[in-house]
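Residues per chain, in single letters:
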Amino acid sequence: MQTQVDLLIVGGGIQGAGIARDAAGRGLSVALYEQDDITGGTSSASSKLIHGGLRYLETGEFRLVHDSLSERQTLLRIAPHLMQPLRFVIPHTPQLRPAWMIRLGLMFYDLLGGHQTLPSSQTVDLATSVYGEALQASYSKGFIYSDVQTDDARLVIHNLRDATERGAKVFTHMRLISAHREGAAWHARLENTQTNRQTTVVARALVNAAGTGVAALRDQLHPSEQYLGIRWVKGSHIVIPRLYPGKHAYTLQNTDRRIIFLIPWEQNYTLIGTTDIEISDASTPPKVTSEEVTYLCEAVNHYSKKPVQASDVLWQFCGTRALFDEGGQNDNRSSNASQITRDYHLQCDSLTGQAPLLSIFGGKLTTYRRVAEQALEKLTPWFPASGQPWTARAALPGGDCPLAETIGHLHASHPNLPPAWLEQLARRHGSRALALLADVRETKDLGLDFGGGLYEIEVAHFMAHEWAQEADDILWRRTKTGLHMMPEQRARFADWLASRGSR
Ligand SMILES: Cc1cc2nc3c(=O)[nH]c(=O)nc-3n(C[C@H](O)[C@H](O)[C@H](O)COP(=O)(O)OP(=O)(O)OC[C@H]3O[C@@H](n4cnc5c(N)ncnc54)[C@H](O)[C@@H]3O)c2cc1C
């Protein structure tokens, strides 16, 4: 069987998802293939921040900060259900960075953001403010600035849902194994990783959004003299019971000058991350090591009144950054993983009359929409009739209504359901939560209760509309309900899902 499309996209992380949405909305026929679960790669293992990246000011990446802050504002508008504004507190540590430098940096951060709806930065007296309550008494001075917390996995899923509603096709557990050009078309072989069945897709353009595999895939499909590489930098996070009350986060300067975030997460938890460790092999999923856990605990313990230790860790996760290697193989390479650029590079390879290969090197979650716009711009010569940029103005599914309003509607329409659960549902689905509950009056209408806030009705939705197949897809990516469950509940859910599948 042979499928024909305009655009074949390899990779169901945020970059592939953003490009699929943008292209489908411009009228192109799109097929996206992910070898694993959607968002099973780095895009569900980030710090979950939509941010300008305050620390990139130190490395002089002003354009990246400016673009990221402008994207932060756009995402607040088009996906309010997935965006949670947060105040970040930086306790002042004079021996690491002088106060004037941080104040100047924050002023610049506010300025680069242009017109923003989030409160601007300020200094704070930690001795008298609630922001100082979680900190050791020696921290008396601090700074506050704004950024945004998101749900990275759901951001990918909402982009893909919108893409499919605009005609794109999304296939999971399908790996691109080879592709060759025949004039103006790519002929690609894809293999189902569960059944080993192969299929051929013919496409007018191929987008390589393979994350950590981007450079290898480009080398495979378009061998070239021009060196374009990536460096892999592992980053780990730990999750502990909530360390302090309040909705603010902390940006902690570690003694090695790196930044560690302390972020309130999933109501009852604190997320701590991240490490930055360059690795030489990204072919297997990375793992959090005990050294990394110790490193993160020690960084927090320089500041926190309440000490954190490894035994507090309830969950941990790890991802690999695929960072664009600007320096090439020999010159200018920074030996410090934190100094490698977080900016992106789009490489379009083709010869006259040939189908293009567009590879996405690097890039952050925050800038994915802009990457997609630039990707489509690069492909315009092959698709001159495709539409204009549109994604900055169109809400993602469920994002057509402010979150507070959606929560208000849900509380009013479902007075018999737990209010806190309705709020979680609104954060996951936005205004579409109302349709999900259209036939529900009381808790028994939600079907089986798996614990942790997960009910059968939502599981059915994830399987029918969000490509979920396995327990982990639902417990850790479509939701974080796995965190709120006991191990026995997770095992029971996995058994139930497996038996449902076999039926
Ligand atoms: C620890 C850490 C913290 C971070 N924090 C932030 C943050 O707070 N804010 C921010 O903006 N950014 C952050 N980032 C960066 C951000 O997470 C990544 O830049 C982004 O998720 C990369 O998305 P991607 O689509 O390129 O890659 P991925 O999400 O890895 O997606 C690539 C996909 O391609 C698939 N694939 C590969 N080869 C094939 C093939 N042959 N066939 C089919 N499928 C294939 C993979 O399975 C994978 O799912 C962080 C990154 C890390 C590691």
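By convention here, each chain's residues receive numbers from 1 onward along its written sequence. Per-residue local features of the predicted model are confined to residues with pLDDT of at least 70, and side-chain atom pairs are confined, for both listing and counting, to 80 or more; whole-chain, interface and lining totals are unaffected and use all residues. Note: side-chain values were computed over all heavy atoms of the structure, leaving out hydrogens and water.

Named according to an unreviewed UniProt entry, the chain is Glycerol-3-phosphate dehydrogenase originating from Rugosibacter aromaticivorans. UniProt positions are given in the numbering used here, feature names are shortened, and annotations may be inferred rather than shown by experiment. Under Catalytic activity (unreviewed entry), UniProt gives the following word-for-word description of the chain: "a quinone + sn-glycerol 3-phosphate = dihydroxyacetone phosphate + a quinol". Taken directly from UniProt, the Sequence similarities (unreviewed entry) text for the chain runs: "Belongs to the FAD-dependent glycerol-3-phosphate dehydrogenase family."

Engineer: So what's going on with a nonpolar patch on the surface? Residues and values would help.
Structural biologist: Patches in this entry comprise residues that are over 30% relatively accessible and not in a salt bridge; like charges within 9 Å are linked, as are nonpolar side chains (Val, Leu, Ile, Met, Phe, Trp, Tyr) within 5 Å. The method behind every accessible area is Shrake-Rupley, applied with a 1.4 Å probe, and residues are considered shielded solely by the protein chains displayed. A pair is scored as a salt bridge if a Lys or Arg side-chain nitrogen falls within 4 Å of a carboxyl oxygen belonging to Asp or Glu. Together, Trp 100, Met 101, Leu 104 and Met 107 make up an exposed nonpolar region whose accessible area comes to about 450 Å². Helix and strand assignments come from DSSP, with helices taken as H or I runs of at least 4 residues and strands as E runs of at least 2, each series counted from the N terminus. Among the structural elements, Met 101 can be located in helix 3 (residues 99–112).

Engineer: Now, about the UniProt feature "domain: Alpha-glycerophosphate oxidase C-terminal" (unreviewed entry) in the chain: what can you tell me, with residues and values included?
Structural biologist: The sites that carry the UniProt feature "domain: Alpha-glycerophosphate oxidase C-terminal" (unreviewed entry) are, in the present numbering, residues 391–483. Helix and strand shares over residues 391–483 are 51% and 5% respectively, and the end C-alpha atoms of the span are 33 Å apart.

Engineer: Lay out the nonpolar core with the relevant residues and their values.
Structural biologist: What makes a nonpolar core is a set of buried Ala, Val, Leu, Ile, Met, Phe, Trp, Tyr and Cys residues whose side-chain atoms join them at distances within 4.5 Å. With a 1.4 Å probe rolled over the protein chains alone, any residue whose accessible area is under 20% of its type maximum counts as buried; one over 50% counts as exposed, and the rest are partly exposed. Leu 7, Ile 19, Val 30, Met 83, Leu 155, Leu 160 and Val 207 are the most contacted members of the largest nonpolar core, which has 45 residues in total. Only heavy atoms enter the contact rule, under which two residues are in contact if any of them lie within 4.5 Å. Those residues within four positions of Leu 155 in sequence are excluded, and the remaining contacts are Ile 14, Ile 50, Leu 82, Met 83, Leu 365, Tyr 368 and Leu 396. Within the second largest apolar cluster, 42 residues are counted, among which are Leu 69, Tyr 109, Tyr 145 and Leu 483.

Engineer: Residues and numbers for the site of the ligand, please.
Structural biologist: The environment of the ligand is made up of 34 residues, and the closest members are Glu 34, Ser 43, Leu 49, Gly 363 and Thr 366. Polar contacts, as counted here, are pairs of nitrogen or oxygen atoms within 3.5 Å of one another; within protein the pair requires one atom able to donate a hydrogen and one able to accept it, and residues that are adjacent in sequence qualify only if both atoms are side-chain atoms. For the ligand, an oxygen atom lies 3.2 Å from a polar atom in the backbone of Ile 14. Within the contact set of the ligand, an oxygen atom lies 3.5 Å away from a backbone nitrogen or oxygen of Lys 48. Taking 1,000 Å² as the accessible area of the ligand by itself, protein coverage stands at 91%. At the level of secondary structure, the elements contributing two or more residues to the shell around the ligand comprise helix 1 (14–25), strand 8 (174–182), strand 11 (229–241) and strand 16 (315–325). A breakdown of the residues in the shell around the ligand according to their chemical character gives 10 nonpolar, 19 polar and five charged. Throughout, near means a residue has at least one heavy atom within 4 Å of the molecule or strand. Under the scheme applied, nonpolar residues are Ala, Val, Leu, Ile, Met, Phe, Trp, Tyr, Cys and Pro; charged residues are Asp, Glu, Lys and Arg; polar residues are all the others, including Gly.

Engineer: Can you explain the pairing of strand 18 (residues 357–362)? Please cite residues and give values.
Structural biologist: With respect to burial, strand 18 is a largely interior element, six of its six residues being buried. Strands were regarded as paired on the criterion that DSSP finds at least two bridges between them. Across three bridges, the pairing between strand 10 (residues 198–208) and strand 18 is parallel. Counted as the bridge partner of Leu 206 is Leu 357 from strand 18. Of the pairings in the sheet, the one linking strand 17 (residues 344–349) to strand 18 comprises six bridges and is antiparallel in character. Opposite Asp 349, over in strand 18, you have Leu 357 as the bridge partner.

Engineer: An account of the layout of surface pockets is needed here, citing residue identities and associated values.
Structural biologist: Grid spacing is 1 Å over the protein atoms alone, the probe is 1.4 Å, and a cavity is where that probe fits but cannot get out, while a pocket is an open set with protein on both sides within 12 Å along at least five of seven lines and lining residues have an atom within 4 Å of a point. Grid points are joined across faces, edges and corners, and a volume is the space filled by probe spheres set on the points. What the second largest pocket holds in volume is close to 690 Å³. Around the second largest pocket, the lining comprises 23 residues; the ones closest to its centre are Gln 84, Gln 149, Glu 266, Gln 267 and Arg 427. Of all elements in the fold, only strand 4 (83–91), strand 6 (141–150), strand 13 (259–265) and helix 9 (419–429) reach the threshold of two or more residues within the lining of the second largest pocket. Considering each element in turn, the lining of the second largest pocket owes the most residues, five residues, to helix 9. Along the lines of polarity and charge, the residues of the lining of the second largest pocket split into six nonpolar, seven polar and 10 charged. Residues lining the lining of the second largest pocket come from more than one domain, with at least three contributed by each of domain 2 (79–150 + 231–325) and domain 3 (403–502). Residue ranges for the domains trace back to a domain assignment, done automatically or taken from a database.

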